Amino acid sequence: MDYETSPTMKFENAGDAVNDEEKSEKSSASDGSEGFVKVDQELEEPEEPNSLKESLSKVEIVEPSAPFVSEVEPETKSELPLLENLDPRVKDLLYWRDIKVSGVVFGLTLLVLLSLCCFSVVSVISYLTLSLLTVTVAFRLYKLVLQTLNGTQQPNPFQSLLDMEVTLSKDQIHKYADVILDHLNCTLVCTRDLVLVKNMVASLKFAVFMWLLTYIGCCFNGLTLLILGVIAAFVLPPIYEKYQVPIDNHYNLVAQKFAQVANAVRSKIPGAKPKTQ
């Protein structure tokens, strides 16, 4: 038998259905929110325990120190033994500290020595003095003409040179005289000992040196040797200063070989004892 449902019952059933749908939506929404919360919690970094935080806070952070670099002291370059006792101004001149001054002195010295090869000493001095006077007088007249045309009064163009001190004091003369006297006395004593054979080996070395000079004298005269000496004085010091290490190494090798030969010669000379290094 079919029973007809009343409108009130239909409405109640419809309301229950709506309530069921709302509950299902809420449950699904709650499930989704819980899922998001779980995902957020998983993405968050896990908190460190308090003990670990305290231990990390006690650890001192040491900054990396700079790498150890050994400081290498620059090699002190020594001077040529022959130039150690010279005046500092002469050293600066030979080592070309001021290129202009060294160039002028070197050029004028070579010019004078080369002129002496062709002319007498008197002629060279006369020509050089006349040349210098020609330059200074011409420059002085040029300045006077400029002053006349401009109507101005200017001091002597060589006033700075006129104010320079060119005289020698008694102390300087005594100082240089003492140095010259010491070298002269040392030369006289050494010559006496070598000629009178105070030391056989030294006298034989002196004889060999004089024998070699005879061959050098056949090829060069004294003025040529002086020119070569001036060139060497202005050229060798800067070269030695630049290439000191290899030059010293080669010099030590040659000195050792020469010492060996000298000891062999001394051993064959009666009464002579080889030097102990």
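For clarity, every value in this text was computed on a predicted model and none was experimentally measured.

A. How the structure looks around the overall build of the chain. Secondary structure summary: the chain contains 10 helices and zero strands in total. N-terminal to C-terminal, the α/β element order of the chain is α-α-α-α-α-α-α-α-α-α. Out of the 277 residues in the chain, the part that is buried amounts to 9%. When contacts within the chain are restricted to residue pairs at least 6 apart in sequence, long-range pairs at least 24 apart make up 47% of them. Summed over its atoms, the accessible surface of the chain is roughly 24200 Å², and 65% of this surface lies on carbon and sulfur atoms.

B. Spatial organisation of the pattern of salt bridges. Throughout the structure, instances matching the rule amount to two salt bridges. Residue arginine 97 pairs with glutamate 241 through a salt bridge whose shortest N-O separation is 3.3 Å. Within this pair, whereas arginine 97 is found in the loop between α3 (88–94) and α4 (99–118), its partner glutamate 241 is found in helix α9 (residues 222–242), the two being separated by 144 residues in sequence. With relative accessibility at 27%, the residue glutamate 241 sits in the partly exposed group. With a shortest N-O distance of 3.2 Å, arginine 192 and aspartate 193 are connected by a salt bridge. Residue class for arginine 192 comes out partly exposed when judged on its relative accessible area of 45%.

Reading guide: rules and limits
Residues numbered from 1 in each chain as written. Predicted model: local features only at pLDDT ≥ 70, side-chain atom pairs only at ≥ 80, totals over all residues. Heavy atoms only, no water. Helix = DSSP H or I, 4+ residues; strand = E, 2+ residues; numbered from the N terminus. Buried < 20%, exposed > 50% of the residue type's maximum accessible area, 1.4 Å probe, protein only. Contact = heavy atoms within 4.5 Å. Areas by Shrake-Rupley, 256 points an atom, 1.4 Å probe, with all protein chains shown as cover. Salt bridge = Lys/Arg side-chain N within 4 Å of Asp/Glu carboxyl O.

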